[in-house]
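Observations on the model geometry
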Amino acid sequence: MIFISTVLHCEAEPFIKKFSLKKDRNIKKFQVFKNNEIVVIVSKKGAVNAASACAYAAGKFDMDEYDTFINVGLCVSRNRNLKKGTAVLCNKIMDSDTNSDFYPDMIFKHPFEEGCLESFPGVLDNKKLEKSKGDILDREGAAFFQSASIFLPPHRIYCLKIVSGYLSSGTLEEREKGSLVGKNIEEICRWMYDVARGCGKPKNVLDERDMDYINEIISNLSLSVSMQEKLKKLARAYKIRNGDLLLALEPFTQICCKTKREGKVYFEKLEQQLNFI
């Protein structure tokens, strides 16, 4: 299932119209719109609300490791090269309140600009702008990511922000806020479905014994999430081509690396082995 979190109803409206989502009137804590594939939850403003909405959706809809959660909303930009209406996929998220940094695992292709999002508590002003280090700024992104990370791995959590202007630009009307999301809706939806398909439950090409070997290698080589996904993809392809996967994997179950650098070297050798026909 695809989960989308927005702060404002006008940010959610393009998705509601696109997918003909129906409001769940049994839910009173937040506005929730859904169909069989997509859930949109409107959190309202503020970090606490954003984190609470995320946790509520995860519990209410039994979120599992194959789901995708995307925070979509407006932001202001420090970077004048990012024009108003530009969609920015956040490759780093900074929490200015706790000085914590978070890194989504960017393993899927996308059509957007990339940038660093910095989240500030309270109203954004010139004083905060002077202190900021991110390319774009908001209030809720870091709280959303921290909350979603309790339920999902980092390659299934995304913050996608749309530039509404610059700090000195003034406020926008609700209709204009919604239109900025609406102008990007087709690209967002195509990418969103690509991610969801990539995150879907894998077909049962790999059996339990295959996965035992793969999980042992993942542990021994200290592989990152992106490397883990690449290994599983290579293993599935190898098994389809050759039938017997275990003979190719077995030598690498005997290797135990002490550093990530060493693990990367052996992973490259494993890649060569699995790409051999």
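Check the entry above for the structure.
Thresholds, definitions, all that
Residues numbered from 1 in each chain as written. Predicted model: local features only at pLDDT ≥ 70, side-chain atom pairs only at ≥ 80, totals over all residues. Heavy atoms only, no water. Axes fitted to C-alpha atoms, helices over the stretch in contact; angles between N-to-C directions. Helix = DSSP H or I, 4+ residues; strand = E, 2+ residues; numbered from the N terminus. Parallel < 35°, antiparallel > 145°, perpendicular 65-115°, else oblique. Left-handed = near helix turned anticlockwise from the far one by under 90°. Contact = heavy atoms within 4.5 Å. Buried < 20%, exposed > 50% of the residue type's maximum accessible area, 1.4 Å probe, protein only. Nonpolar A, V, L, I, M, F, W, Y, C, P; charged D, E, K, R; others polar. Phe/Tyr/Trp six-rings, centres within 6.5 Å; stacked < 30°, edge-to-face > 60°. Lys NZ or Arg CZ within 6 Å of the ring centre and 35° of its normal. Salt bridge = Lys/Arg side-chain N within 4 Å of Asp/Glu carboxyl O.

1. Concerning the packing of helix H8 (residues 225–242) against helix H10 (residues 260–275)
- Contact pair H8 / H10: the axes reach a minimum separation of 9 Å and the direction vectors enclose 25°. If you check the angle between H8 and H10, you find them roughly parallel. As for how H8 packs across H10, the hand of that crossing is left-handed. Residues Met227, Lys230, Leu231, Leu234, Ala235, Tyr238 and Arg241 of H8 lie in contact with H10, whose contacting residues are Lys264, Phe267, Leu270, Glu271, Gln273, Leu274 and Asn275.

2. Observations concerning unusual backbone geometry
- Residue Ser20 is not a glycine yet carries a positive backbone phi of 50°.
- Within the fold, Ser20 resides in the loop between helix H1 (9–18) and strand S2 (22–23).
- Assessed through its relative accessible area of 51%, Ser20 is described here as exposed.
- Notably, Asn99 is not glycine yet its phi reads approximately 55°, a positive angle.
- Residue position: Asn99 is located in the loop between strand S6 (87–95) and strand S7 (100–102).

3. Here's the deal with the packing of helix H7 (residues 208–221) against H8
- Two elements in contact, H7 and H8, have axes separated by 11 Å at closest approach and are oriented at 145°. The chirality of how H7 crosses H8 is right-handed. Contacts between H7 and H8 involve Asp210, Met211, Ile214, Ile217 and Ile218 from the former and Gln228, Leu231, Lys232, Ala235 and Lys239 from the latter.
- Grouping the constituent residues of the contact of H7 with H8 by class yields six nonpolar, one polar and three charged.

4. Looking at helix H4 (residues 141–148)
- Of all eight residues making up H4, seven are buried, and the element is well covered by its neighbours.
- Here H4 has its buried residues at Gly141, Ala142, Ala143, Phe144, Phe145, Ser147 and Ala148.

5. With respect to the packing of aromatic side chains
- Counted by the stated rule, this structure contains eight aromatic pairs.
- For the pair Phe3 and Phe69, a centre-to-centre distance of 5.6 Å together with 45° between the ring planes defines the contact as tilted. One end of the pair, Phe3, is in strand S1 (residues 2–6); the other, Phe69, is in strand S5 (residues 68–77), with 66 residues separating them in the sequence. Neither Phe3 nor Phe69 differs from the other in exposure class; each is buried.
- The interplanar angle of 85° and the centroid separation of 5.1 Å between the aromatic rings of Phe69 and Phe144 together place this pair among those described as edge-to-face. Placement of the pair is Phe69 in strand S5 and Phe144 in helix H4, with a sequence separation of 75 residues. Just as Phe69 is buried, Phe144 falls in that class too.
- In this arrangement the basic side chain of Arg80 is found over the ring face of Tyr166, its NZ or CZ atom lying 4.1 Å from the centre.

6. Some words on the pattern of salt bridges
- In total, this model carries nine salt bridges according to the counting rule given.
- Asp101 serves as the salt-bridge partner of Lys92, at 3.8 Å between the closest nitrogen and oxygen.
- Here Lys92 falls in the partly exposed class, since its relative accessible area comes to 22%.
- The class for Asp101 is partly exposed, based on a relative accessible area of 36%.
- Among the salt bridges present, the one from Asp194 reaches Arg197, with a minimum N-O distance of 2.6 Å. Here the residue Asp194 and the residue Arg197 both occupy positions in helix H6 (residues 185–199), the gap between them amounting to three residues, near one helical turn.
- A relative accessible area of 41% means that Asp194 is categorised as partly exposed.
- Taking relative accessible area as the criterion, Arg197 reaches 60% and is therefore assigned exposed.
- It is possible to trace a salt-bridge network through shared partners that takes in Asp207, Asp210 and Lys239.

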